[in-house]
Amino acid sequence: MFTLRRLAIALPTLFIIATASFFLMRAAPGGPFDAEADLEPAVLENIRAAYDLDKPLLEQYWIYLTNALSGDFGPSLVYKDFGVNELIAIGLPISAKLGLLAMIVALLLGGLCGIIAALRQNGIIDHIIMALAMTGIAIPSFVTAPILVLFFGLYLKLLPVAGWNDGAPANMVLPIIALALPQIAIIARLMRGGMLEVLQSNFVRTARAKGLRESHVILRHVMQTAAIPLVGYLGPALAGIMTGSLVIELIFNLPGVGRYFVQGALNRDYPLVMGVVVIYGALIIALNLLSDLAYAALDPRVRRGYR
Amino acid sequence: MSGITSAPGIARAARGDMSQSLWQQAFRRFRRNRAAMASIYMLTCIAAAAIFVPVFWPHGIEDANWELISSAPAWDNFHWFGTDANGRDLFVRVFYGGRISLTIGVMTTCVALCIGVIYGAVAGYAGGRTDSFMMRFVDVLYSLPLLFFIIILVTVFGRNIFLVFVAIGAVEWLTMSRIVRGQTLTVKSKEYVESAIAIGLSRPAILRRYIIPNVLGPVVVYVTLLIPTNIVIESYLSFIGLGVQEPLTSWGLLISQGAGQLSSAPWLIFFPATFLALTMFCFNFIGDGLRDALDPQGR
């Protein structure tokens, strides 16, 4: 029942994303060819015809939807020799690699910090970690990234300042840290909260009363229960990393999807922007769905709507 | 609330004084929170500087001095924060940018507040099928990648500052509506609402006089947390070139210009980033303080 209800939200959402982005882009005053204003009217007419821009709006919409279903988002209006799906195919592996690694780093480091903070509740380490977490949440990644570049790239000269360099590990370190930092902070807070709640619960007291070793209680009983809310946070974390990747790819000059998206938005490249929004929207919805379902499977209270 | 039955409260009630309202008690608790009070003073200073510095400063925001390009901070020539790549004074630009960033933060939050409170209160008070339909709609919007939609909105309707307001406000009301609906559901079943219905008050009157005032607490907390969120969203948009446009400026735009000259003129990113971060901290501390003050049991 819960699964059905979540699916019933996910599918229309995807449809709304595609529809809304299509009509918004078409409502735009000024087209992508405005810059070449000196074109002969006949030439302009030909260009518009080549991109189906002369057809009635509903027909354009229908063409767009059917093509999108087969994974074809049409040709890019700015990168003239590329289809949108080709550009996405070039950029996505890079963005996905960075995003995935950032997510892993965030989960490991954030989880670890949260656990340590909770075990030392109200101690100095706890206060330091929580102060750092607040800093991480308050300072946006487009500030931390340049600071990281300044310190590790220009001052210490340890790591490359920017560029992809065919995915050399050294080039990925700073972007991954910059992407992961806000998520580390949020996850540390979540994990700490979860740990504290579980530490006070009856079953932990029972486990201790039975005389289990403290390490066993923490590792087997507390941590595994406290990590459950993290599963529910995976979807939002992915969305956060994706939006963060737009600026990170810009700052570090990485050829990922985010940079194409920003370039497309600045140049009114409708098909490119719509294609990226639909693909990213689908990814976020899918992961949201998966993480919600996994969360509900692990914690029955979610299924019954108590949380 | 626990505060009502506290000893001084009882003593005062016994003396026949007016008892303190919940808001007065919350205010007292808030004043005892040092971090939050310091944040209020700090924020007032930043806001005052944002209002007055551009008025009184010897350099204007667009005065370009071609002899001093990207010069380091100096006391004597009133370029306290240095100058940018066009020889413009950064001190005045940081506070002028603060004007715009803070204005956008507050205005977008007002838009979100209006939509969210009305939507949530109507859904919660109407209940039944209307409620579940309205909240299902919010669920759907919730799972959208909203920042991408703001970018589409800004792309489509031009990079106009008012559109930045509306676009951010129009997508940031969702959490607000959920909070208000949840509170409304709780308040709705209280006796004083029942008695209002019994006297025959109209629905809009009940909403206005009983429901909305009583759901305000969590809303106030969320508002102080939404303002910094919206400031960051605006900075984010300006950073990638889709927000505020020259000759106007904002913290995000200044940071993005500073990021381009990181190695040669680090002060260009340092000052706007510092003020942005300070503002974020202040709002976060105030938000936490308000939450603790308004909901003493929720700690």
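What counts and what doesn't
Here, residues in each chain are numbered from 1, in the same order as that chain's written sequence. Going through the entries in the order they are written, you letter the chains from A and number the ligands from 1. Residues qualify for local features only when their pLDDT is at least 70, as the model is predicted, and side-chain atom pairs are given and counted only at 80 or more; totals for whole chains, interfaces and linings, by contrast, use all residues. As a rule here, side-chain values cover all heavy atoms of the structure and leave hydrogens and water aside. The salt bridge definition used is simple: a Lys or Arg side-chain nitrogen within 4 Å of an Asp or Glu carboxyl oxygen. Secondary structure follows DSSP: runs of H or I at least 4 residues long count as helices, runs of E at least 2 residues long count as strands, and numbering of each begins at the N terminus. Relative accessible area decides the class of each residue, using a 1.4 Å probe on protein chains only: under 20% of the type maximum gives buried, over 50% gives exposed, and in between gives partly exposed. An automatic or database domain assignment supplies the start and end points of every domain. Throughout, a contact is declared for two residues whenever any of their heavy atoms are within 4.5 Å. By buried area we mean the combined loss of accessible area, with a 1.4 Å probe, across both parts when two parts are placed together. N or O atoms within 3.5 Å of each other form a polar contact, as long as, within protein, one can give a hydrogen and the other can take it, and as long as residues adjacent in sequence are counted only when both atoms are side-chain atoms. Under the convention adopted here, Pro, Cys and the residues Ala, Val, Leu, Ile, Met, Phe, Trp and Tyr are nonpolar, Asp, Glu, Lys and Arg are charged, and Gly plus all remaining residues are polar. Between rings of Phe, Tyr and Trp, where Trp is taken as its six-membered ring, a pair exists when centres lie within 6.5 Å; planes separated by under 30 degrees are stacked, by over 60 edge-to-face, and by other angles tilted. Any cysteine sulfur atom paired with another within 2.5 Å is treated as part of a disulfide. Orientation is described by lines fitted to C-alpha atoms, with helices fitted over the stretch in contact, and by angles between N-to-C directions that extend from 0 to 180 degrees. For classification purposes, an angle smaller than 35 degrees is called roughly parallel, one larger than 145 roughly antiparallel, one from 65 to 115 roughly perpendicular, and anything else oblique. Handedness of a crossing is defined here by the sense of rotation of the near helix relative to the far one, left-handed for an anticlockwise turn of less than a right angle and right-handed for a clockwise turn. As a per-residue measure, pLDDT tells how confident the predictor is, with possible values from 0 to 100.

What to know about the pattern of salt bridges
If the charged atoms of two oppositely charged side chains come close together, the side chains can form a pair. Residues and elements named next belong to chain B. Under the counting rule described, the total for this entry stands at four salt bridges over all chains. Ionic pairing is found between aspartate 288 and arginine 291, a salt bridge with its closest N-O pair at 2.7 Å. One end of the pair, aspartate 288, and the other, arginine 291, are both in helix H12 (residues 267-294), three residues apart, so they sit about a helical turn from each other. Owing to a relative accessible area of 25%, aspartate 288 belongs among the partly exposed residues under this scheme.

Quick notes on the domain arrangement of chain B
A common way to express how large an interface is: the accessible area buried when the components associate. Residue and element names in this part refer to chain B. For chain B, the assigned domains read domain 1 (1-32) and domain 2 (34-298). Taken together, the eight residues of domain 1 in the interface contact 15 residues of domain 2. Here domain 1 meets domain 2 over a buried area of about 930 Å², counting both sides, of which 74% is carbon and sulfur. The tally of links between domain 1 and domain 2 comes to zero salt bridges. Taken together, domain 1 and domain 2 are joined by two residue pairs in polar contact (both at pLDDT 80 or more). Looking at the side of domain 1 that touches domain 2 residue by residue, the class counts come to four nonpolar, one polar and three charged.

With respect to unusual backbone geometry
Peptide bonds are trans in most cases, and residues, glycine excluded, mostly fall at negative phi. Located in the positive-phi region is Asn122(A), a residue other than glycine, with phi close to 65 degrees. Here the phi dihedral of Asn253(A) falls at roughly 55 degrees; this positive angle occurs in a residue that is not glycine.

Focus: the environment of Pro175(A)
Relative to the assigned elements, Pro175(A) resides in helix H7 (residues 169-199). Excluding anything up to four places from it in sequence, Pro175(A) contacts Leu98(A), Ile248(A), Phe252(A) and Leu254(A).

Some remarks on the side chain of Ser238(B)
Mapped onto the secondary structure, Ser238(B) falls in helix H10 (residues 203-239). Those residues in contact with Ser238(B) that lie beyond four places of it in its chain are Gly243(B), Val244(B), Ser250(B), Gly252(B), Leu253(B) and Ser256(B).

Quick notes on the packing of aromatic side chains
Summed over the entire model, instances satisfying the criterion amount to nine aromatic pairs over all chains. Measuring from ring centre to ring centre gives 5.1 Å for Phe91(B) and Phe95(B), while their planes differ by 70 degrees; the resulting arrangement is edge-to-face. With Phe91(B) and Phe95(B) both in helix H4 (residues 90-126) and four residues apart, the pair spans about one turn of that helix. Between Phe281(B) and Phe285(B) the ring centres are 6.5 Å apart and the planes differ by 25 degrees, which places this aromatic pair in the stacked class. With Phe281(B) and Phe285(B) both in helix H12 and four residues apart, the pair spans about one turn of that helix. In textbook terms, an aromatic cluster arises when at least three aromatic residues are bridged by ring pairs, as seen for Phe142(A), Tyr236(B) and Phe239(B).

Observations regarding the interface of chain B and chain A
Every contact between the two is made by 38 residues of chain B and, on the other side, 42 residues of chain A. Between chain B and chain A lies a buried interface of about 3400 Å² when both sides are counted; carbon and sulfur atoms form 85% of it. Linking chain B with chain A are zero salt bridges, by the criterion used here. At the boundary of chain B and chain A, one finds one residue pair in polar contact (both at pLDDT 80 or more). Taken together, the elements giving at least two residues each to the side of chain B that touches chain A come down to helix H5 (128-142), helix H6 (146-156), H10, helix H11 (251-260) and H12 of chain B. In terms of residue count, H12(B) provides more of the side of chain B that touches chain A than any other element does, nine residues in total.

Considerations on the state of the cysteines
On inspection of all chains with the given rule, the structure shows zero disulfides over all chains. Lacking any disulfide linkage, Cys45(B) is separated from the closest cysteine sulfur, that of Cys282(B), by 9.3 Å.

Let's talk about helix H7 (residues 161-171) of chain B
Buried within H7(B) are the following residues: Val164(B), Phe165(B), Ala167(B), Ile168(B), Gly169(B) and Val171(B). Against the buried residues of H7(B) lie H4, H6, helix H8 (174-188) and H10 of chain B.

Quick notes on the packing of helix H3 (residues 34-56) of chain B against H12(B)
All names here are of chain B. Interaxial distance between H3 and H12 falls to 8 Å at its minimum, and their mutual angle equals 140 degrees. Here H3 is positioned oblique relative to H12, judged by the angle of their axes. Pair H3 / H12 crosses with left-handed handedness. For the pair H3 and H12, contact is made by Ala35, Ala36, Ser39, Ile40, Met42, Leu43 and Ile46 and by Phe275, Leu278, Thr279, Phe281, Cys282, Phe283, Phe285, Ile286 and Gly289, respectively. Taken together, the residues of the contact of H3 with H12 break down into 13 nonpolar, three polar and no charged.

Brief notes about the confidence of the model for chain B
Residue and element names in this part refer to chain B. Looking at chain B, the pLDDT average stands at 80 and 89% of residues meet or exceed 70. For chain B, the element scoring lowest by mean pLDDT is helix H1 (residues 7-15), at 48; H4 scores highest, at 88. Contacts from residues 1-6, a stretch scored under 50 in pLDDT, to residues over four places away or in other chains number ten contacts. Considering only residues more than four positions removed or in separate chains, one finds that residues 9-17, a stretch of pLDDT under 50, has seven contacts. Under the prediction, the complex receives an ipTM of 0.77, its pTM being 0.81.

Some words on the packing of H4(B) against H12(B)
Residue and element names in this part refer to chain B. With their axes 10 Å apart at the nearest point, H4 and H12 run at an angle of 35 degrees to one another. As for the relative orientation of H4 and H12, their crossing is right-handed in sense. Residue-level inspection shows Leu90, Val94, Phe95 and Leu102 of H4 in contact with H12, the latter providing Trp267, Leu268, Phe271, Pro272, Phe275, Thr279 and Phe283. For the contact of H4 with H12, the per-class residue count stands at ten nonpolar, one polar and no charged.

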